[in-house]
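Listed here are the chains, written in short residue letters.
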Amino acid sequence: MAKAVKTIGILTSGGDAPGMNAAIRSVVRVAISKGLKVKGIMRGYAGLLEEEIVDMDSTSVSDIINRGGTILYTARCKEFTTAEGQQKGAEICRKHGIDGMVVIGGDGSFRGAGKLSALGINTIGLPGTIDLDIACTDYTIGFDTAVNTAMEAIDKIRDTSTSHERCSIVEVMGRNAGYIAMWCGIANGAEDILLPERYDGDEQALINRIIENRKRGKKHNIIVNAEGIGHSSSMAKRIEAATGIETRATILGHMQRGGTPTCKDRVYASIMGARAAILLSEGKSNRLVAYRNGEFVDYDIQEALNMTKDIPAEQYEVAKLLVR
């Protein structure tokens, strides 16, 4: 039987992602429209355990939809991975009258959300990560902004790479997932794309392609390298030594996490936030909001965590055909 919820907490956990503020804003305003009280929890699960909890109303989230990062701040919390930490978190929720929770983050954050749900706190997860590596969803909050930020940076790197007739290795974020790398590789017209899910470590083949490209008149090369492969600086040195072509490595890093969220990240995050608030108002718990096959849906958190995900075959085949 659905349990009535009167007060919900909201936190952001793990890596920040553009669009998190849009989701926070939507949760707060839709929850209030449903007659619920809302409390913001600062610095993720770490802030929950430290009772960094503030009341929120509609004005608390004014003028934040266009801002990157998260107004609630974020952190990782080892203590919350323990049974003792999770029990303490649930008790603090009850102490502050929080009987529902919205957790915005990635897989690790959702494991914590599932534990809170099992301890009697109605919990809904929202996929907030630039990595696009949550298996149950085709969209994660922040990916669109991050991939556009990376794309624009690589366009600029190509300009200078062309001017100097050099090879450039550009490392993009994504942890162990290659989605940002693949999308940028296609969008930026890269000569090579290195994905953790597909790269076989054959650096000699990469070198041979660079040499062949130079023989047929190509004066520059862009290699998009995923964070999950890494070692871009040492790779650049080896390529330069083997080819005689000046090779530079650029690691884009955390610039991909920041910046004004795109329209897509604002709209999709808002819809997901609204769905989370509605689910809690209906007494639902242990659900993860997702976007799949063109629709916003929700899954049991454990079911979602058990799913697996790989680079879409069609996208990868297109990428292989386009790189030259």
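You'll find the protein chain entered in an unreviewed UniProt entry as ATP-dependent 6-phosphofructokinase, with [Clostridium] asparagiforme DSM 15981 given as the organism. Word for word, the UniProt comment on the protein chain under Function (unreviewed entry) is "Catalyzes the phosphorylation of D-fructose 6-phosphate to fructose 1,6-bisphosphate by ATP, the first committing step of glycolysis." Here the protein chain is described in UniProt, under the heading Cofactor (unreviewed entry), as follows: "Mg(2+)".

Q: So what's going on with the pattern of salt bridges? Which residues, and what values?
A: Charged atoms that come close allow side chains of opposite charge to pair. For the coordinates displayed, the defined rule picks out 16 salt bridges. Where Arg158 meets Glu191, a salt bridge forms, and the shortest distance between an N and an O atom there is 3.6 Å. Taken together, the residues Arg158 in helix α5 (residues 143-164) and Glu191 in the loop between α6 (179-187) and β7 (192-194) connect sequence positions 33 residues apart. On the basis of relative accessibility, which here comes to 16%, the residue Arg158 falls in the buried class. Its relative accessible area of 4% is what places Glu191 among the buried residues. Among the salt bridges present, the one from Lys218 reaches Glu191, with a minimum N-O distance of 3.3 Å. With a gap of 27 residues between them, Lys218 in the loop between α7 (203-215) and β8 (221-226) and Glu191 in the loop between α6 and β7 connect regions that are remote in the sequence. Through salt bridges with shared partners, one network takes in Asp131, Asp133 and Arg175.

The rules behind the values
Residues numbered from 1 in each chain as written. Predicted model: local features only at pLDDT ≥ 70, side-chain atom pairs only at ≥ 80, totals over all residues. Heavy atoms only, no water. UniProt positions renumbered as here; feature names shortened; annotations may be inferred. Salt bridge = Lys/Arg side-chain N within 4 Å of Asp/Glu carboxyl O. Helix = DSSP H or I, 4+ residues; strand = E, 2+ residues; numbered from the N terminus. Buried < 20%, exposed > 50% of the residue type's maximum accessible area, 1.4 Å probe, protein only.

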